[in-house]
Structure formats: structure tokens, C-alpha cells
Protein chains: 2
Amino acid sequence: MSDIAKKAGVSRQALYLHFPNRTELFIAATKAKDAEFHIDARLAPSRAAKTGRERLAAFVEAWGNYIPDIHGVAKTLIVLGETDEDAAHAWAERMADMKEGCAAAVAALARDGDLRPGLTEAQATDLLWSLLSVGLWERLVRDCGWTQKAYLDEVQRLARAALLDG
Amino acid sequence: MSDIAKKAGVSRQALYLHFPNRTELFIAATKAKDAEFHIDARLAPSRAAKTGRERLAAFVEAWGNYIPDIHGVAKTLIVLGETDEDAAHAWAERMADMKEGCAAAVAALARDGDLRPGLTEAQATDLLWSLLSVGLWERLVRDCGWTQKAYLDEVQRLARAALLDG
DNA sequence: GTGTCAATTGACACCGTGTAAAGTCAACCA
DNA sequence: TGGTTGACTTTACACGGTGTCAATTGACAC
């Protein structure tokens, strides 16, 4: 909190006039980033896609490219969530929203009959959601030094391999 | 530290007689778990595999089944690593060891000519290592409620889809 | 001018980590 | 048997971070 106050050019106590506690500050920061980076607009192409395959590709691209933009605040919230109930809940809510997007893409694939045999929609949704987790991005881009493009190409491939028929 | 001391039935200060600080305690706990759960023995079938494909399957199975056993201490070390240099280093070292196993499996695949065209050995190693991360296990098993078997089957499939030719 | 509002300063309580010192107790040994 | 050693306990404290509280300042609106 001291560091943030210093960066913001206000006193540490002033932060508590705006946010009840550290967790709420980061929750607000995450929401602010969502607005700043127009998450909803980025997901529009996915919603507009005609086929399930197109929808999957558009969703993976939108979310995969969104991760680096919000990684800072998102990561903080995740780490906070390991010890703070409220932070964990806030992040879980956020992830639930994202999972709805996954479910919609999976539903479109199922409608087209493109879903891999032996995979339920729920399983496919879980799988896509897991492949698009912040963790996998961190492993490949941050830890292994992959470019964003290489990461995205590979996740597209993985998503197709995991969900599609054939 | 208080909680641990209570569980152990000793005073909090006694812990500091055995470990210089909290981080070192958890590093020691992780090593103790490795010994308790015989990580080296579990990886033996992978090293003994004839073909690259067999080696990949054996390695994925061994590590994938190892994760739940060490998840408690491993997770603690990971979380600690977010704020503690030493913990981060300890975990990174551990991950480097694991990555060597990935590299060996990938090398066996390359030797057999089974590696997917357009994928270098280094990229394939990064990819396998990322698929076998604790994070993906947490997403599917802990967050989505998958069984260990369902997780393992899916990761086997993902690994094959990501690395193999065809 | 007065009231209001945002922010400041300074103080403090609480908790967790880590350090330090003095005391207890049992085992071992000459 | 008495003395030493070593592991552990109790008590105390320093430090840093979070969160609370009260008094004060300064600007702006009416």
C-alpha cells in the first residue's frame, strides 16, 4: 500500500478513503483494466462468428491476446486469492464469466457437429477454459520466452486438437 | 509458523532451531516429499522405454500421477515464490529438473522421427513442460472437479496432439 | 464567513517473521 | 555422583505491513 501510494503521489492513508482494503483496491484495478482494454469489444468477433470453428478461433485469439494486457493486475489478484477469501472469490467470478465464453464456443461447435466424439460439452468447456488459463500463458511466454504470436498459434492448435473431431 | 509448530507439538521457536526461516522449511518439506514418494523410482519406466512414444506416455503418466502427491508442499512453495526470491529459485530448480525429463522424452521422439514437423526440440520441450505444469492439474482436477484418471487421459491426448506428427 | 469535502499528518493496535537470552530437563560420561 | 552437553521451552523484543482513528489543513461552494 505504501508503494502504491507513493506511485500515485498521495498518502498511504488516502488510499483507505477510496478503497476499504488492499483486496478491494486490486479488484477495482482489475475492473478498471477491463474497461480500459475493452474486453467486451474484443470478444465481439467471437460472438458474431458464423461457424463453431470460427467462434472457437476468434475466442481463443481475443482472450489469448487479452491476457498480457491484464496480466499484472490479474496475477496480483490470483496471488492475493491464495490467502484472501474475498480476492479468491473475485477472481473466481471473473473466471466464471470467461468460462461462459468458452461454453458458448463449445455450444457452437456442438451445434455444428464438430465436437470430438466422447467429449461432453461440459468437459470440452473445462478443457478450453484450462488451456486459456493465465497459467499456461505464464509458462510459455514468461517462463519459456515464447513470443505472443507463438503462444497464440500453439494454443489455437491445442484447442483444436482437444475439442474438434478428427 | 505458529500453526506448523502447534501441529508438530513443539514451540514456534523450536522450528527455528531446525530451519533458518519459513522458506527453508518448505524447501526441506518438498525434498522430504520427493523422498517419501519415490519420484526417481516412478520415472524409471519412462527412462526404460524403447520408443519415443512409449517414453512420452510413461513420462506423462509418472509426472501426472505425482502432482497430486506433492501438490500441498509444491503449491506452498510456488505461492511463497511470488514474494520470496529463495523460494522462487528453489521451485525454478525443481522445474528445471522436470524439464530435463521432458527434453529426454522429446529427444526420443525426435530420434524416432515422430516429432511434429515445424516444431523444434526446444519448443516441444517447452510445450510438454507447460502441459504438465501444476497449474493445468489444478484447473482440471481442483477447479473443475475432474478425476485424476480423466485428467491424465486428457493430458496424454494433449501431449500427443501437441508433439506428434500427424 | 461558514460548511463541506478531500487529503494530510501522526499515532496506534494487531499480526507474523525472525532474533535473542535465560531456564528446564534428560542423557551421557568421567 | 556431579558435570557437561544438547534439544527444547518460555519470555521478550525488533521490525514491517495492514488497517483504524483523530486532529488538522486547504480549497471550493453557497
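Rules used in this analysis
Residues numbered from 1 in each chain as written. Chains lettered and ligands numbered in written order. Predicted model: local features only at pLDDT ≥ 70, side-chain atom pairs only at ≥ 80, totals over all residues. Heavy atoms only, no water. Helix = DSSP H or I, 4+ residues; strand = E, 2+ residues; numbered from the N terminus. Contact = heavy atoms within 4.5 Å. Lys, Arg positive; Asp, Glu negative; His and termini not counted. Charge placed at Lys NZ, Arg CZ, Asp CG, Glu CD. Buried area = accessible area lost by both parts, 1.4 Å probe. Salt bridge = Lys/Arg side-chain N within 4 Å of Asp/Glu carboxyl O. Polar contact = N/O pair within 3.5 Å; in protein donor to acceptor, adjacent residues only side chain to side chain. Nonpolar A, V, L, I, M, F, W, Y, C, P; charged D, E, K, R; others polar. Near = heavy atom within 4 Å.

*Asks:* Outline the overall build of chain A, listing residues and values.
*Replies:* Per the secondary structure count, chain A includes nine helices and zero strands. Secondary structure elements of chain A, listed N to C terminal, follow the sequence α-α-α-α-α-α-α-α-α. Viewed in the frame of its principal axes, chain A has a C-alpha envelope of about 60 × 30 × 30 Å. Within chain A, residue pairs in contact and separated by at least 24 positions form 67% of the contacts whose partners lie at least 6 positions apart. Of note, chain A has its 21 positive side-chain charges centred 4 Å away from the centre of its 24 negative side-chain charges.

*Asks:* Can you tell me about the interface of chain A and chain B, naming the residues and giving the values?
*Replies:* Counting residues at the interface gives 24 residues for chain A, matched by 24 residues for chain B. Together, the buried faces of chain A and chain B total about 2100 Å²; carbon and sulfur atoms form 71% of this surface. Inspection of the region where chain A meets chain B yields four salt bridges. Among the salt bridges present, the one from Lys75 of chain B reaches Glu82 of chain A, with a minimum N-O distance of 3.3 Å. Seen at the junction of chain A and chain B, the total is six residue pairs in polar contact (both at pLDDT 80 or more). In terms of residue count, helix H7 (residues 121-131) of chain A provides more of the side of chain A that touches chain B than any other element does, six residues in total. In terms of residue class, the side of chain A that touches chain B is made up of 12 nonpolar, three polar and nine charged.

*Asks:* Could you give an account of the protein's contact with DNA strand C, naming the residues involved and the relevant values?
*Replies:* In the neighbourhood of DNA strand C, 13 residues make up the surrounding shell, with Ser11, Ala14 and His18 of chain A together with Arg12 and Arg22 of chain B lying closest. Restricting the count to atoms of DNA strand C within 4 Å of the protein gives a sugar and phosphate share of 48%. Met1 of chain B places a main-chain nitrogen or oxygen 3.4 Å from a phosphate oxygen of DNA strand C. In the environment of DNA strand C, a base oxygen lies 2.8 Å from a nitrogen or oxygen atom belonging to the side chain of Arg12 of chain B. Looking at the surface near DNA strand C, the elements that each hand over two or more residues are helix H2 (12-18) of chain A together with helix H2 (12-18) of chain B. Taken together, the residues that form the surface near DNA strand C break down as six nonpolar, five polar and two charged.

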